[in-house]
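# Residue-level structural notes
So the chains spell out like this:
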Amino acid sequence: MVIEGSILLQNDTEVDTDNLCLFRNEGTEVKIKANSAALVLVISGEPLKESIFASGPFVMNNKSEILEAYQDFQAGKFGSLPE
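The text that follows walks through the structure, step by step, so that each part is easy to find. Model, not experiment: these values are computed from the prediction.

## Re helix H1 (residues 63-74)
- For H1, spanning twelve residues, the distance from its first C-alpha to its last is 17 Å, which sits close to the expected 16 Å at 1.5 Å a residue.
- A positive phi of about 80 degrees marks Gly-76, the residue just after H1.

## Some words on the pairing of strand E2 (residues 6-9)
- Strand direction decides the pairing type here: E2 and strand E3 (residues 13-16), joined by four bridges, are antiparallel. Opposite Leu-8, over in E3, you have Glu-14 as the bridge partner.
- Linkage of E2 to E3, two consecutive antiparallel strands, is achieved through a turn of three residues, within which Gln-10 is found at a positive phi near 50 degrees.
- Pairing analysis gives three bridges linking E2 to strand E4 (residues 32-34), with the strands arranged antiparallel. Directly across from Leu-9, in E4, lies its bridge partner Ile-32.

## Some thoughts on the sheet that holds E2
- Taking strand neighbours across the sheet as the criterion, the three strands line up as E3-E2-E4 in an open arrangement whose pairing is antiparallel. The open sheet has two edge strands with one neighbour each: E3 and E4. Sheet twist, expressed as the mean angle between neighbouring strand axes with direction ignored, is 30 degrees.

## Some points on the packing of aromatic side chains
- In total, this model carries four aromatic pairs according to the counting rule given.
- Ring plane angle 80 degrees and centroid distance 5.7 Å describe the contact between Phe-58 and Phe-78, whose orientation is recorded as edge-to-face. You can see Phe-58 sitting in strand E7 (residues 58-60) and its partner Phe-78 sitting in the segment after H1, a full 20 residues away along the chain.
- Looking at Phe-58, the relative accessible area reads 11%, which means it is buried.
- Taken together, the ring pairs connect Phe-58, Tyr-70, Phe-73 and Phe-78 into an aromatic cluster.

About the cut-offs
- Residues numbered from 1 in each chain as written.
- Predicted model: local features only at pLDDT ≥ 70, side-chain atom pairs only at ≥ 80, totals over all residues.
- Heavy atoms only, no water.
- Helix = DSSP H or I, 4+ residues; strand = E, 2+ residues; numbered from the N terminus.
- Expected span 1.5 Å × (residues − 1).
- Pairing = 2+ DSSP bridges.
- Axes fitted to C-alpha atoms, helices over the stretch in contact; angles between N-to-C directions.
- Phe/Tyr/Trp six-rings, centres within 6.5 Å; stacked < 30°, edge-to-face > 60°.
- Buried < 20%, exposed > 50% of the residue type's maximum accessible area, 1.4 Å probe, protein only.

Shown next as structure tokens:
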């Protein structure tokens with residue numbers, strides 16, 4: 001995620017502020033070059049290899065889990081923020 005500035009990825013792809021880049025799970029290196037002062041967030045992790053189902057603000061593994069999340073949210077089970 002490019003938070004500020006712009007970067008060049010793998011020597012050929014320019015990415016500007018507020019853009020997200022996803023990489024295939026292959027290879028062993030990523031080349032990032034800042035075109036000017038830049039702030040970049042890089043996150044890495046092991047692939048989950050699970051199904052993904054998204055609806056609104058929720059991301060779960062299937063539709064029934066999404067429906068349960070909506071019910072929990074509407075029932076106030078997600079807590080509250082202090083005023």
